[in-house]
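The lines below spell out each chain.
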Amino acid sequence: MSSVKAQEMSTTASVAPRRTKTRRHLSDRAIQNLFMWPTLALLIAFNLFPLFYSLYLSFTNYSAIARIDPVWIGFQNFRNILQDRQLWQYFATTGRYALVSVGLETLLGFGLAMLLREKFKGSGLVTTLILIPMMLSPVVVGLFWKLMYNPTFGYLNYILGYTNPATAPDWLASRWGGTPVPGLALWAVVLVDVWMWSPFVMLLTLSGLNAIPEYLYEAAAIDRASPWFQFWRITLPQVAPLLLIAVLFRSIEALKSFDLVMGMTGGGPGTQTELIAVNLYRQAFLGQWQTGRASALAYIILIIVIGVSNLYIRYLNSIRGEA
Amino acid sequence: MASFEETGPRRPVTESIRVDRISPGARTWRTIRALLSLVLALIILIPIFVMVITAFKSRVDITTPPPKLIFTPTLEGFVFLLTDRAIVTAGRLAEFQERAAAGEMNLFERIAFEGGLEITGPSDYVFRLRNSLIIAGISTVASVVLGLLSAYAFSRFNVPGKGDLLFFILSTRMLPAVVVTIPIFLMYRQLRLHDTHIGMIFLYTVFNLSFSVWLLKGFIDEIPREYEEAALVDGYTRLQAFFKVVLPQAVTGIAATTVFCLIFAWNEYAFALMLTSERARTAPPSIATMLGSGGLEWSAIAAGSLGFLIPVVIITFALRKYLLRGVTFGAIRQ
């Protein structure tokens, strides 16, 4: 029916140009703006404006729960933060967390992808099953791993064979049979991060592997190149761009990591798993609500994340351009 | 001399077969690989399996070591999760027993009564789930609609500074939630949007918007421009062409985007934790605090987690073709 109408319109168009002008009342330019600006306006209102606002706040002494207006104190917040040993500690923890978890995820994800690379019966199902953890809510994941890690009735210790709670590791409390083992809790959280996100690396690597043209391997096979040689000279260089994207994306996410730790340890025991994002939350929304100082810290984190994101988006764009 | 017709293959050769791929060695290797990956997949799924069985265990079964694989399933966890309960007083015990005997109790009441409890009403969690549904649902629709419109604009028109704008849109997604929340918290307090549904809907819409623009742009880029151009030549206006030609072609992309946005909004924790307290609080932050409030209600937590698990598992299977696009903002496709 609509096409008949359209036909009618196109015939009238040639006869009566004045009438079509009133019908085609929206120019492409108008439509472009109409379609684009609601999105841009929302992003500006909810992302750009808040960023400028918190930039201002980062130069002030201000607490959101005090009834006092922000007081301009220049770079004092930044100076305090950079001199705060404790905060450097949290940055170091975050760095360790990001480095180890992203490293392990890359290795495991790559390994899984190599395993699943060639199709076999049911490989699609296995791949999808492995991808499930990645789609879950990190905070819920944190909670159910907390149950896995529980020293008295958790499953992990039983699977590992530590059936006596008195001598078994209490992972999230960083204790092993009663003696403190500093760092155990952090590695326990790292393990969950690896569990959750290795599939992500696998997914990207798999697509990279599938895109390698078969003739490269055929040529190598004709030349009797060893599998080792094929791996280093064909497979690795060819998947490198996608692997790098996976690593960059995971690094950004690991630096921002918040939900998982909140679900599992809330920063404890002591400050052993206090990642920088968790500490930022604590400073901004708990205790004294140091809004000004927290904004300054947020900006420092932001600059680090923007640095890594920039690399990520550039790589994405280059891949996109090639595709 | 025999000609090729006599010695050549009997059947037409339609594909080349690599000899090294069908040798016995290669076959064994493939079997080993299949078994190994199956075992790994099962190991990876252990925590999820544990969560599922925990949801159907009684409190006693959960907290008594060693952890059991065989137990009598109960819906206790779901009762704890969804209802508020009070201890049945000695005076009313007889009345309850009578009702139980007469079969006047529904399933939940009966399970609660077996533990000596009566149900006093729905728990807070029911309201939180409802909040999650409202906020995730509306914000998803909003971000997909807005995302679709701007994806179309970016895909089809020569927007000045297109690269930079797309870059800006994606970069908003990279911001750590905690960083953006401080100013938004102050802004919302000023506008009285703190702890309101509408405030959270706006926030989640924006949160998903960058994602939906990028993902949908990828899908729309794949629809040949010629379709619309033909429609335009036939006298359709640009809007008509968009609605009648582009939209039907983009349905799969729209569906995939919708589901991804829904999952993100459904799983979101950080914003909800910091910007809501009572009225508009969603399920993820409240499931996390359940541990602290009513003692160690592991069965309730497991039951609640199941509510996050099941939709995600179904969706993962339904969307497996689009997962890659989803996690890379539509930049990489197969």
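Remember, predicted model here, so these are calculated numbers, not experimental data.

The rules behind these values
Residues numbered from 1 in each chain as written. Chains lettered and ligands numbered in written order. Predicted model: local features only at pLDDT ≥ 70, side-chain atom pairs only at ≥ 80, totals over all residues. Helix = DSSP H or I, 4+ residues; strand = E, 2+ residues; numbered from the N terminus. Rg over C-alpha atoms; globule rule 2.2 N^0.38 Å. Contact = placed C-beta atoms within 7 Å. Domains from an automatic or database assignment. Nonpolar A, V, L, I, M, F, W, Y, C, P; charged D, E, K, R; others polar. Axes fitted to C-alpha atoms, helices over the stretch in contact; angles between N-to-C directions. Parallel < 35°, antiparallel > 145°, perpendicular 65-115°, else oblique. Left-handed = near helix turned anticlockwise from the far one by under 90°. Core = buried A, V, L, I, M, F, W, Y, C linked by C-beta atoms within 7 Å. Buried ≥ 20, exposed ≤ 12 C-beta atoms within 10 Å, placed from the backbone.

Novice: Quick one: what's the story with the overall build of chain A, residue by residue and with numbers?
Specialist: In terms of regular secondary structure, chain A is built from 14 helices and five strands. By the compact-globule yardstick of 20 Å for 323 residues, chain A is too spread out, its C-alpha radius of gyration being 27 Å. Overall, chain A is about 90 × 75 × 40 Å in size when its C-alpha atoms are taken along their principal axes. Counted over contacts in chain A with a minimum sequence separation of 6, partners at least 24 positions apart contribute 67%.

Novice: I'd like a rundown of the domain arrangement of chain B, residues and numbers included.
Specialist: All names here are of chain B. Along its sequence, chain B is carved into domain 1 (22-55), domain 2 (59-122) and domain 3 (125-327). Summarising the inter-unit geometry, the C-alpha centres of domain 1 and domain 3 are found 33 Å apart. A class-by-class count of the residues in the side of domain 1 that touches domain 3 yields four nonpolar, one polar and no charged.

Novice: Could you give an account of the interface of chain B and chain A, naming the residues involved and the relevant values?
Specialist: Taken together, the contact pairs 87 residues of chain B with 85 residues of chain A. For the side of chain B that touches chain A, the element with the highest residue contribution is helix α3 (residues 24-55) of chain B, accounting for 15 residues. Counted by class, the side of chain B that touches chain A contains 64 nonpolar, 16 polar and seven charged residues.

Novice: Break down the packing of helix α8 (residues 124-156) of chain B against helix α11 (residues 197-221) of chain B for me, citing the residues and quoting the values.
Specialist: Residue and element names in this part refer to chain B. Running from N to C, α8 and α11 point in directions that differ by 40°, and their axes come no closer than 6 Å. On the basis of their axis angle, the class for α8 and α11 is oblique. Of the two elements, α8 crosses α11, and the hand of that crossing is right-handed. Grouping the constituent residues of the contact of α8 with α11 by class yields 18 nonpolar, 11 polar and two charged.

Novice: With reference to specific residues and values, describe the nonpolar core.
Specialist: In terms of nonpolar packing, the biggest core is built from 180 residues, with L280 and A298 of chain A together with L203 of chain B touching the most fellow members. For this core, the element with the most residues is helix α9 (residues 184-210) of chain A, which contributes 16 residues. Excluding residues that lie within four positions of it along the chain, L280 of chain A makes contacts with A294, L297, A298 and I301 of chain A together with V178 of chain B.

Novice: I'd like a rundown of the packing of helix α7 (residues 138-149) of chain A against helix α17 (residues 298-318) of chain B, residues and numbers included.
Specialist: With their axes 10 Å apart at the nearest point, α7 of chain A and α17 of chain B run at an angle of 140° to one another. By the angle class used here, α7 of chain A and α17 of chain B are oblique. The way α7 of chain A lies across α17 of chain B gives a crossing that is left-handed. Counted together, V140, L143, F144 and L147 of chain A of α7 of chain A and W298, I301, S305 and F308 of chain B of α17 of chain B form the full contact between these two elements. Taken together, the residues that form the contact of α7 of chain A with α17 of chain B break down as seven nonpolar, one polar and no charged.

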